[in-house]
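Architecture at a glance
Below are the chains, spelled out letter by letter.
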Amino acid sequence: MTKPTSRPKPIPFVSTGYWLLKSEPESYSIDLFAKEKKTLWTGVRNYQARNFMVDSMKPGDKFIFYHSNAEPSAAVGVGAVVRPNQADPSALDKKSEYYDPKASSDHPIWFCAEVSYEGHLKKPVTLQDLRDKKDLEKMALLQRGQRLSVLPMTKSEFEAVVKMGGGLK
DNA sequence: GCCAACGTTGGC
DNA sequence: GCCAACGTTGGC
């Protein structure tokens, strides 16, 4: 006997191992990432984006580093997931703009991923470049109203973006 | 700075 | 549980 349910079941999401992570360069840029080599991808405060990092990201996954709210907004580099699904320390830090009074070490609420720098694209691939590319029209980033800061992408989308950027430098 | 398109909150 | 009001994101 199946339980009655008032809500539709979430569609199971199967990761292809490729992601796109957004950051505003004024808050965390690819240049700073390159200098630090590794960072905790903290401050994600959207449940769907969080769930990607908790449920679907795996060590070794790759991602496009995308500058949002930038001049111009563009894919600018590549990174790799080191360790997903970790409690986000910024939620417990009263001085952080991402502090959440409802979070605690027993109940972190928010999670992040440790990620490592792999390289800058030789040339940034602007949002307009991405939109102009027929092969990328289904890419999550380009869908109407899309605002998540952690987005899945397919392997072929990932490879197309890297190629458009002339590879890594 | 504007505003479309979202997500979240809270009164009921 | 509905939904109006509010807040945020991010392109332009």
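Details of the structure are given in the entry above.
Nothing here was measured: the structure is a model prediction, and the numbers come from that model. (Residues numbered from 1 in each chain as written. Chains lettered and ligands numbered in written order. Predicted model: local features only at pLDDT ≥ 70, side-chain atom pairs only at ≥ 80, totals over all residues. Heavy atoms only, no water.)

A count of helical and extended segments in chain A gives four helices and six strands. Reading chain A from its N end, one meets helices and strands in the order β-α-β-α-β-β-β-α-β-α. Its C-alpha atoms give chain A a radius of gyration of 17 Å, near enough to 15 Å, the size a compact globule of 169 residues would have. Seen through its principal axes, chain A has C-alpha atoms that stretch 50 × 45 × 30 Å. Within the span of chain A, comprising 169 residues, buried residues form 47% of the whole. Sequence-distant contacts, at least 24 apart, represent 75% of the contacts inside chain A between residues at least 6 apart. For chain A, the accessible surface area stands at approximately 10400 Å², while carbon and sulfur atoms represent 51% of it. On chain A, the mean spot of the 26 positive side-chain charges and the mean spot of the 20 negative ones are 4 Å from each other. (Helix = DSSP H or I, 4+ residues; strand = E, 2+ residues; numbered from the N terminus. Rg over C-alpha atoms; globule rule 2.2 N^0.38 Å. Buried < 20%, exposed > 50% of the residue type's maximum accessible area, 1.4 Å probe, protein only. Contact = heavy atoms within 4.5 Å. Areas by Shrake-Rupley, 256 points an atom, 1.4 Å probe, with all protein chains shown as cover. Lys, Arg positive; Asp, Glu negative; His and termini not counted. Charge placed at Lys NZ, Arg CZ, Asp CG, Glu CD.)

Around DNA strand C, the surrounding shell consists of K22, Y66, S68, N69, S73, L127 and R147. Among atoms of DNA strand C positioned within 4 Å of the protein, sugar and phosphate together represent 65%. Within the contact set of DNA strand C, a phosphate oxygen lies 3.0 Å away from a side-chain nitrogen or oxygen of Y66. Between a phosphate oxygen of DNA strand C and a side-chain N or O atom of S73, the distance comes to 2.7 Å. Its residues assigned to classes, the surface near DNA strand C shows two nonpolar, three polar and two charged. (Near = heavy atom within 4 Å. Polar contact = N/O pair within 3.5 Å; in protein donor to acceptor, adjacent residues only side chain to side chain. Nonpolar A, V, L, I, M, F, W, Y, C, P; charged D, E, K, R; others polar.)

On to the pattern of salt bridges, then. Scanning the entire structure with this criterion turns up four salt bridges. The salt bridge involving R45 is made with D88; its shortest N-O contact spans 3.0 Å. Taken as a pair, R45 in the loop between β2 (38-41) and α2 (47-56) and D88 in the loop between β4 (74-87) and β5 (111-126) lie far apart in primary sequence, 43 residues in all. By relative accessible area, D88 is classed as buried at 2%. E159 is paired through a salt bridge with K155; the nearest N and O atoms lie 3.8 Å apart. Separated by four residues within a single helix, E159 and K155 lie in helix α4 (residues 155-164), roughly one turn from each other. (Salt bridge = Lys/Arg side-chain N within 4 Å of Asp/Glu carboxyl O.)

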